[in-house]
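One letter stands for each residue in the lines below.
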Amino acid sequence: MATQASDPVSESEGESSKFPLVFGLDTFGDVTHDAEDRPLSHAQTIRNVVEEGVLAEQVGVDFFGIGEHHTDDFPMPAADVVLAAIAARTTRIHLGSAVTVLSSDDPVRVFQRYSTLNAISNGRAEVILGRGSSIDSFPLFGYDLADYEDLFEEKVNLFAELLEGGPVTWQGKTRPSLSNQNVVPHTEFGPFPVWIGVGGSPESVVRAAHYGFALMLAIIGGSPARFAPFSRLFHMALDKFGRPPLPIGVHGPGHVAETDEKARDEFWPRYLQIITSVAETRGFAIPTMESFMFEAGPRGALYVGSPETVARKIAANLPALGANRFDLKYGMGGLSHEALMRNVELYGTKVIPLVRELLASRKEVA
């Protein structure tokens, strides 16, 4: 699926070529099941995620991220601890959040946790900050959803100050003020990479540009092409604020297996169950087989299929969105650890090399 020559996203595509291609894997720590389809314990699920992260490095993946959640289905409230365990067993792969819900956390503690991870990993830590489309953390930590926007704006502002290094003086309404406060540990190599996760808010795109943070487009449904204006808005905002070009990434859910049929057969019943369970609270429509097949097709948001199918879809969407990074949100509650390990292996050994080959061929033709 090529972008037409008249498509205005070609301008964004030129911007994306300034940065190297990066391919990552994201997980929410979905509870896995055993061979008898029985849910594993939260503890075993967490240990499995560590093994998946270690394998990701071995098969050539560039980044491994863990999204913060606080539910029985996603028992992953302390991603930085799990990432530190992976860091101790790896040497190359970058590790980070996908996403940290900054609105219900304290920016100083987030900075301290990830600067500590940065030290343990020898400079491989990253953070993706988000407002939280899943709001479970708000009542858990005593935050009012009426303050949703103010919490994120103020806390991003403080986080940006912390990244500058040196003593911090800051005043706001959502946490106690800081006066010439030294925040440790200091980073060795300058600020670690920070992204803003955007699921549909133009204001968040402009906010990322304002603070000089990279942009991560979280596309979980519908046509990815509808996010192309966000990429263009990001470039315009960066220019307005006098900032240099910054990377754009795409986060998309999916599942890789040996064949399209096997990938769909493994993923679909789990996907239906999870989306149905959260449909009322998240405002999602309950999927049908027809809607699922659209989402898994060339114009949908799900990357479900064989390595060839998934690679071709990634290779089509990255240029169309002016992006240089793709993170596959792999896994779905109820899948087995073995299926997830095979997903990781196929993504690293088959999907990533094929995407690089397809994009290189496209560039040669252009």
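Conventions used here
- Residues numbered from 1 in each chain as written.
- Predicted model: local features only at pLDDT ≥ 70, side-chain atom pairs only at ≥ 80, totals over all residues.
- Heavy atoms only, no water.
- Helix = DSSP H or I, 4+ residues; strand = E, 2+ residues; numbered from the N terminus.
- Rg over C-alpha atoms; globule rule 2.2 N^0.38 Å.
- Buried < 20%, exposed > 50% of the residue type's maximum accessible area, 1.4 Å probe, protein only.
- Contact = heavy atoms within 4.5 Å.
- Areas by Shrake-Rupley, 256 points an atom, 1.4 Å probe, with all protein chains shown as cover.
- Lys, Arg positive; Asp, Glu negative; His and termini not counted.
- Charge placed at Lys NZ, Arg CZ, Asp CG, Glu CD.
- Salt bridge = Lys/Arg side-chain N within 4 Å of Asp/Glu carboxyl O.
- Pairing = 2+ DSSP bridges.
- Right-handed = clockwise from strand over helix to strand, strands pointing away.
- Core = buried A, V, L, I, M, F, W, Y, C linked by side-chain atoms within 4.5 Å.
- pLDDT = per-residue confidence, 0-100.
- Phe/Tyr/Trp six-rings, centres within 6.5 Å; stacked < 30°, edge-to-face > 60°.
- Expected span 1.5 Å × (residues − 1).
- Axes fitted to C-alpha atoms, helices over the stretch in contact; angles between N-to-C directions.
- Left-handed = near helix turned anticlockwise from the far one by under 90°.
- Nonpolar A, V, L, I, M, F, W, Y, C, P; charged D, E, K, R; others polar.
- Parallel < 35°, antiparallel > 145°, perpendicular 65-115°, else oblique.

(A) The arrangement of the overall build of the protein chain in detail. Helix and strand counts for the protein chain come out as 12 helices and 12 strands. Taking 2.2 N^0.38 as the reference for a compact globule, 366 residues should give roughly 21 Å; the C-alpha atoms of the protein chain span a radius of gyration of 20 Å, in line with that estimate. By its C-alpha atoms, the protein chain is 60 × 50 × 40 Å across when sized along the principal axes. Across the 366 residues that make up the protein chain, the buried fraction comes to 53%. Within the protein chain, contacts between residues at least 6 apart in sequence are counted, and of these 73% link residues at least 24 apart. A total of about 16000 Å² of accessible surface is found on the protein chain, and carbon and sulfur atoms cover 54% of it. Distance from the positive charge centre (31 side chains) to the negative charge centre (46 side chains) of the protein chain: 3 Å.

(B) View of the pattern of salt bridges. This structure, assessed with the given rule, holds 16 salt bridges. Among the ionic pairs, Lys329 bridges to Asp30, the shortest N-O distance being 3.1 Å. Note that Lys329 is positioned in strand E12 (residues 325–330) and Asp30 in the loop between strand E1 (22–27) and helix H2 (42–58), a separation of 299 residues in sequence. Side by side, Lys329 and Asp30 carry an identical accessibility label, which is buried. Linking Arg92 and Asp62 is a salt bridge whose minimum nitrogen-to-oxygen distance equals 3.9 Å. A residue pair is termed long-range when its members are at least 10 positions apart, and Arg92 in the loop between helix H3 (79–87) and strand E3 (94–97) and Asp62 in the loop between H2 and strand E2 (63–66) qualify at 30 residues.

(C) Focus on the pairing of E2. Of the two faces of E2, the one carrying Phe63 and Gly65 and the one carrying Phe64 and Ile66 are both buried. Summarising the sheet, E1 and E2 pair through 4 bridges and their orientation is parallel. Bridge pairing in E2 places Gly24 opposite Phe63. Each parallel crossover has a hand, and the one from E1 via H2 to E2 is right-handed. Note: E2 against E3, 4 bridges, orientation parallel. Considered in E3, the bridge of Ile66 is made with Ser97. For the segment spanning E2, H3 and E3, crossover handedness is right-handed.

(D) Highlighting the side chain of Ser204. Here Ser204 is to be found in helix H7 (residues 202–211). On the basis of relative accessible area, Ser204 is assigned to the buried category, the value being 2%. When near neighbours in sequence (up to four residues on either side) are disregarded, Ser204 contacts Arg131, Ile196 and Val198.

(E) Inspection of the nonpolar core at higher detail. Phe64, Ile314 and Tyr347 are the most contacted members of the largest nonpolar core, which totals 97 residues. A total of 9 residues in this core trace back to one element, the largest contributor, which is helix H12 (residues 337–365). Formed by 5 residues, the second largest nonpolar core is a distinct cluster that contains Ala98, Ile128, Trp195 and Met216.

(F) The confidence of the model for the protein chain, seen in detail. Scored by pLDDT, the protein chain has a mean of 91; 92% of the residues are at 70 or more. Counting contacts from residues 1–11, a segment whose pLDDT is below 50, to residues more than four positions away or on other chains yields 13 contacts.

(G) Spatial organisation of the packing of aromatic side chains. Across all of its chains, the model carries 11 aromatic pairs by this definition. Ring plane angle 50° and centroid distance 6.3 Å describe the contact between Phe64 and Tyr330, whose orientation is recorded as tilted. Within this pair, whereas Phe64 is found in strand E2, its partner Tyr330 is found in strand E12, the two being separated by 266 residues in sequence. For Tyr330, a relative accessible area of 1% corresponds to the buried category.

(H) Structural view of helix H11 (residues 307–320). Compared with an ideal rise of 1.5 Å per residue, which puts 14 residues at 20 Å, H11 spans 20 Å between its outermost C-alpha atoms and is within 8% of the ideal. Within H11, 11 of the 14 residues are buried, which leaves it mostly tucked inside the rest of the structure. Looking only at H11, the buried set comprises Pro307, Val310, Ala311, Lys313, Ile314, Ala315, Ala316, Asn317, Leu318, Pro319 and Ala320. Of the residues trailing H11, Gly322 is marked for its positive phi of about 65°.

(I) Molecular detail of H3. Burial analysis of H3 places 7 of its 9 residues in the buried class, the great majority of the element. Regarding H3, the residues found buried are Ala79, Asp80, Val82, Leu83, Ala84, Ile86 and Ala87. Where H3 is buried, its residues contact H2, E2, E3 and helix H4 (107–120).

(J) Looking closely at the packing of H7 against helix H8 (residues 228–240). Packing of H7 against H8 brings their axes to within 8 Å, and their N-to-C directions diverge by 35°. Once H7 is placed against H8, the crossing between them reads as right-handed. Each of Pro202, Val205, Val206, Ala208 and Ala209 in H7 lies in contact with H8, whose residues at this interface are Phe230, Leu233, Phe234, Ala237 and Leu238. Partitioning the contact of H7 with H8 into residue classes produces 10 nonpolar, no polar and no charged.

(K) Molecular detail of the packing of H3 against H4. Interhelical geometry of H3 versus H4 gives an angle of 5° and a closest axis separation of 10 Å. It follows from the interaxial angle that H3 and H4 lie roughly parallel. Across the interface between the two elements, Ala79, Asp80, Leu83, Ala84 and Ala87 of H3 pack against Arg113, Tyr114, Leu117 and Ile120 of H4.

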